[in-house]
Structure formats: structure tokens, C-alpha cells
Amino acid sequence: KCLASSAVAPAAARQERAGRGAGGPQGLTEARRVPDEHLLSLKFVFGSSAIQALDLVDRQSITLISSPSGRRVYQVLGSSGKTYTCLASCHYCSCPAFAFSVLRKSDSLLCKHLLAVYLSQVMRTCQQLSVSDKQLTDILLTEKKEEA
């Protein structure tokens, strides 16, 4: 179940990006508007997580942190005010819902934070932050200490 679901959102993101082309300002506006049929599909597949994820995207809660070596990490400011780290490349989020509902119980495809990351990629609404490799390592180590 998890292997199949890990391809769902990234594949949708790739398909949406490919269909958009290199639009100017008008293309960006169109990219941020999600057609109603897609919203219904998201709600059908992901349930209430879809609405919560779209809310995170609307609040611009997703930041892509990248380093010169090419490492990419997403941080999502959750609705509780806590920041979670998402690794879209390997379908991971540091939140408790991901650990419990996705990994342990396998009753969800992904958490709202990871879905928000995939949606923000498609909609091109990620905040961007470039840091040094050392700074990125420090960010990840700080989060690891907070979890412990």
C-alpha cells in the first residue's frame, strides 16, 4: 500500500508541471488555482487531510530548504505551530500522524504535511530558502534533538 501511494502525489505533480509549460505571470496564477474536479479527487483519495493540506498551502506554510550539494528538505509549519520536516524524495514526514497512521497502521496514504508539500510543488507556492550544507545539517540535527 505504501509503495503504491508514494508514487501517487509525485506522479501527479510531474504530470501537472508537464502540462503547464513555461507560463509567465498568468501561468503562475493559473497554477495556483486548482480545478474543482481535482479538488473533488483529492478529497476522495485523501479525505479530510486534503482540506487541511490545502489550508497549509494557502497559508504558505511550506518552505523548501536547499543546499549547494543539491540536498532538498521541506519544512512545514503545522496547524499546531510545530514545524515538521518532510523529505519528498523518500516520502517521509517527522510528524506523529505519519508515524502512526501511515507507517504503523497503514490506514492513510500520507499525512497532511507531506500532501501539502506535493501540492505546493504543483502549485509553485513553496517558500524558498538556500542555506549552506552545514546549516542544513544543523537544521536536521536540531529537529532530531527536539524529537528525543
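Residues numbered from 1 in each chain as written. Predicted model: local features only at pLDDT ≥ 70, side-chain atom pairs only at ≥ 80, totals over all residues. Heavy atoms only, no water.

Naming follows an unreviewed UniProt entry, where the protein chain appears as Zinc finger SWIM-type containing 7 of Equus asinus.

(A) Inspection of the overall build of the protein chain at higher detail. Tallying secondary structure elements over the protein chain gives seven helices and five strands in all. What you see in the protein chain, going N to C, is helices and strands ordered as α-α-α-α-β-β-β-β-α-α-β-α. Across the 148 residues that make up the protein chain, the buried fraction comes to 39%. Of all intrachain contacts in the protein chain linking residues separated by at least 6 positions in sequence, the fraction that spans at least 24 positions is 58%. About 8800 Å² of surface is accessible on the protein chain, with carbon and sulfur atoms providing 56% of the total. (Helix = DSSP H or I, 4+ residues; strand = E, 2+ residues; numbered from the N terminus. Buried < 20%, exposed > 50% of the residue type's maximum accessible area, 1.4 Å probe, protein only. Contact = heavy atoms within 4.5 Å. Areas by Shrake-Rupley, 256 points an atom, 1.4 Å probe, with all protein chains shown as cover.)

(B) Representation of the side chain of His-113. Position of His-113 among the secondary structure elements: in helix H6 (residues 112–123). Among residues more than four places away in sequence, those in contact with His-113 are Leu-56, Val-76, Gly-78, Tyr-84, Cys-86, Cys-93 and Cys-95.

(C) Spotlight on unusual backbone geometry. You will see that His-91, though not glycine, has its phi angle at about 60°, which is positive. Residue placement: His-91 occurs in the loop between strand E3 (83–87) and strand E4 (92–93). Residues other than glycine seldom take positive phi values, yet Ser-106 does so here, at roughly 55°. Its location among the elements puts Ser-106 in the loop between helix H5 (96–104) and H6.

(D) The arrangement of the packing of aromatic side chains in detail. Applying the stated criterion across every chain, the model contains one aromatic pair. Relative to Phe-98, the ring of Tyr-92 has its centre 5.8 Å away and its plane inclined at 80°; by these criteria the two rings are edge-to-face. The class of Phe-98 is buried, set by a relative accessible area of 2%. (Phe/Tyr/Trp six-rings, centres within 6.5 Å; stacked < 30°, edge-to-face > 60°.)

(E) Up close: helix H4 (residues 48–58). Taken as a whole, H4 has its buried residues at Ser-49, Ala-50, Ala-53, Leu-54, Leu-56 and Val-57. All buried residues of H4 lie within an arc of 155° about the axis, which places them on one face of the element. On its buried face, H4 sits against helix H3 (36–46), strand E1 (62–66), strand E2 (72–77) and H6. Just past H4, the residue Gln-60 takes up positive phi, approximately 50°. (Arc of directions from axis to C-beta.)

(F) Local environment of the sheet that holds E2. Read across the open sheet, the five strands follow the order E4-E3-E2-E1-E5; overall the sheet is mixed. Of all strands in the sheet, those bounded by a partner on one side alone are E4 and strand E5 (127–130). (Pairing = 2+ DSSP bridges.)

(G) Quick look at the UniProt feature "domain: SWIM-type" (unreviewed entry) in the protein chain. Feature annotation in UniProt places "domain: SWIM-type" (unreviewed entry) on residues 84–122, given in this structure's numbering. End-to-end, the C-alpha atoms of residues 84–122 are 20 Å apart, and along that stretch the chain is 51% helix and 15% strand. (UniProt positions renumbered as here; feature names shortened; annotations may be inferred.)

(H) Molecular detail of the side chain of Ser-120. Tracing the sequence through the fold places Ser-120 in helix H6. Apart from residues lying up to four places away in sequence, Ser-120 is in contact with Val-57, Ile-62, Thr-125 and Cys-126.

(I) Here's a closer look at the pattern of salt bridges. This structure, assessed with the given rule, holds three salt bridges. As a salt-bridge pair, Asp-55 and Arg-59 come within 3.2 Å of each other at their nearest N and O atoms. Owing to a relative accessible area of 37%, Asp-55 belongs among the partly exposed residues under this scheme. Residue Arg-59 is classed as partly exposed on the basis of its relative accessible area, which comes to 41%. With a shortest N-O distance of 3.1 Å, Lys-134 and Asp-138 are connected by a salt bridge. (Salt bridge = Lys/Arg side-chain N within 4 Å of Asp/Glu carboxyl O.)

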